[in-house]
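Structure at a glance
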Amino acid sequence: MGNETASPSNAKIGEFQGLRAVALAGIIFYHYGNTGLAMYAVWGVSLFFMLSGYLNGLSWANGKQPHRDMKSSVSYMLRHIKKLYLLHIIMTVASIPVSGILPAIRTNGAKELIFWGIVFFMNVTLTKSLYPKYYWGYNGVSWFLSTYAALCLLTPSLLHGTARLLKNQKLRRAVKVMAAIFALQFVYCFLIGRTKLVTEYWVYIFPLARVGEYVIGMIAGMISFKLPEGRKYGLIGVIAGLWIAVLMFCVPMPEWLFRSIVWIVPNVLLLWGIHRSQGFLSRALSCRLLVILGDCSANMYLIHQVVYGYFFYYGLMEGPAGRRIAVMLLNYVLTFVLAAGFQILMKRWAERKKYIKKTED
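Since the structure is predicted, the reported quantities are computational estimates derived from the model, not experimental observations. (Residues numbered from 1 in each chain as written. Predicted model: local features only at pLDDT ≥ 70, side-chain atom pairs only at ≥ 80, totals over all residues. Heavy atoms only, no water.)

When you go through the protein residue by residue, the secondary structure sums to 16 helices and zero strands. Based on the C-alpha atoms only, the size of the protein along its principal axes is roughly 60 × 60 × 40 Å. In the protein, buried positions account for 50% of the 361 residues. In the protein, the share of contacts with a sequence separation of at least 24, taken over all contacts with a separation of at least 6, comes to 78%. Surface exposure of the protein reaches about 17600 Å², of which carbon and sulfur atoms provide 68%. A distance of 7 Å separates the average location of the 37 positive side-chain charges in the protein from that of its 13 negative side-chain charges. (Helix = DSSP H or I, 4+ residues; strand = E, 2+ residues; numbered from the N terminus. Buried < 20%, exposed > 50% of the residue type's maximum accessible area, 1.4 Å probe, protein only. Contact = heavy atoms within 4.5 Å. Areas by Shrake-Rupley, 256 points an atom, 1.4 Å probe, with all protein chains shown as cover. Lys, Arg positive; Asp, Glu negative; His and termini not counted. Charge placed at Lys NZ, Arg CZ, Asp CG, Glu CD.)

Take a look at the structure:
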């Protein structure tokens, strides 16, 4: 769910945070049992990967260029994951009482305990997305953090390789490179859809399956300064948003297609439209409420399914439609409160550590 920040020269971060909030809403309310929002949720996941790549591309274009070696790659990954890791562990443990794991252990004994111990280890080490089974174990949505960690490890090499492909960052060459990567991604997803492999895993969860859209996001960010600012990009953003909405709710698609590949082109146009204009869409996404929600999006993502799990476990999601809607809204608000509270605590903890270090020096 990356919380990268763009270079100070990028004054549009508020709009990106607002976009995060909009994308996350679909994911959260889909996980609350609203199956009609499945496409919305899948788009949101794709957008988060592409937005992370885009911001990395912006940082590269603005001179923030990590070294290309293993030490730098590991350091880069740890720097981007550490903000979420403690919360990930807390949510992993908090999910145990409502996950069905304890009854399974009581029923099947030591064998089941060993199995779930291994799955717990995969959660702790952020390797759950590397195995095509049990990637939903414990806090199911944390597979994203595992996949994101793998992409972060690859990011310095991907940035250097991408910059080399772009050479002088000419717009025409960049579009050709993006088209080539898109074609390769399309072929991969198409072939997976023709096999008996689990499409959800090999197209949606497996880290290397996400490299294509992540790198396309990088390229879009790297060359964004080549695009002039103006109202026409605001219009492009609105058109891209409408395109995405039509795909979400009006176009039936096979799983291999809607799991990632179909969102790439409209997402690039949407990011450019938001970043290179001061149009209606940019202003709407910059509203204070959306920015606040976007700032907490990574924490909310890790928290929301566990909160829902407790509500569901105690039967609070049952009843008439009106009651269910009220409880879903309560879930969302509670998720935000917990996420914001955790964020404040971490900020104060960091400030305290900095103060103690300063006084010791």
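Next comes the rest of the account.
Before going further, it helps to examine a positive patch on the surface. On the surface, Lys-64, Arg-79, Lys-82, Lys-83 and Lys-353 cluster together into a patch of positive charge. Per-element accounting of the positive patch gives the leading share, three residues, to helix 3 (residues 70–94). Position of Lys-64 among the secondary structure elements: in the loop between helix 2 (38–61) and helix 3. (Patch = residues over 30% accessible without salt bridge, like charges linked within 9 Å, V, L, I, M, F, W, Y side chains within 5 Å. Salt bridge = Lys/Arg side-chain N within 4 Å of Asp/Glu carboxyl O.)

This part covers the nonpolar core. Counting residues in each nonpolar core, the largest one holds 104 residues, and the members touching the most others are Trp-43 and Trp-263. Counting residues per element, this core draws most heavily on helix 2, at 15 residues. In this structure Trp-263 touches Met-39, Val-42, Trp-43, Ser-46, Ile-244, Leu-247, Met-248 and Phe-258, once residues within four positions along its chain are discounted. (Core = buried A, V, L, I, M, F, W, Y, C linked by side-chain atoms within 4.5 Å.)

Moving on to the packing of helix 3 against helix 15 (residues 297–313). Packing of helix 3 against helix 15 leaves a shortest axis separation of 10 Å and a crossing angle of 5°. Classified by the angle their axes make, helix 3 and helix 15 are roughly parallel. Contact with helix 3, carried on its side by Leu-84, Leu-87, His-88, Met-91 and Ala-94, involves Ala-298, Asn-299, Leu-302, Ile-303, Val-306 and Tyr-310 of helix 15 and no other residues of that element. Of the residues contributing to the contact of helix 3 with helix 15, the split by class is nine nonpolar, two polar and no charged. (Axes fitted to C-alpha atoms, helices over the stretch in contact; angles between N-to-C directions. Parallel < 35°, antiparallel > 145°, perpendicular 65-115°, else oblique. Nonpolar A, V, L, I, M, F, W, Y, C, P; charged D, E, K, R; others polar.)

The subject of this paragraph is the side chain of Asn-123. For Asn-123, the location among the structural elements is in helix 5 (residues 110–124). Only 2.8 Å separates the side chain of Asn-123 from the backbone oxygen of Val-119, close enough to count as a polar contact. Once residues lying within four places of it in the same chain are set aside, the contact partners of Asn-123 are His-88, Thr-92, Lys-128, Gly-137, Tyr-138 and Ser-142. (Polar contact = N/O pair within 3.5 Å; in protein donor to acceptor, adjacent residues only side chain to side chain.)

What follows concerns a nonpolar patch on the surface. A cluster of nonpolar side chains, contributed by Leu-235, Val-238, Ile-239, Leu-242 and Phe-280, occupies part of the molecular surface with about 510 Å² of accessible area. It is helix 10 (residues 231–250) that provides the largest number of residues to the nonpolar patch, a total of four residues.

The phi angle at Tyr-134 is positive, at roughly 65°, despite the residue not being glycine. Structurally, the position occupied by Tyr-134 is in the loop between helix 5 and helix 6 (143–166). One non-glycine residue, Tyr-138, adopts positive backbone phi at about 65°.

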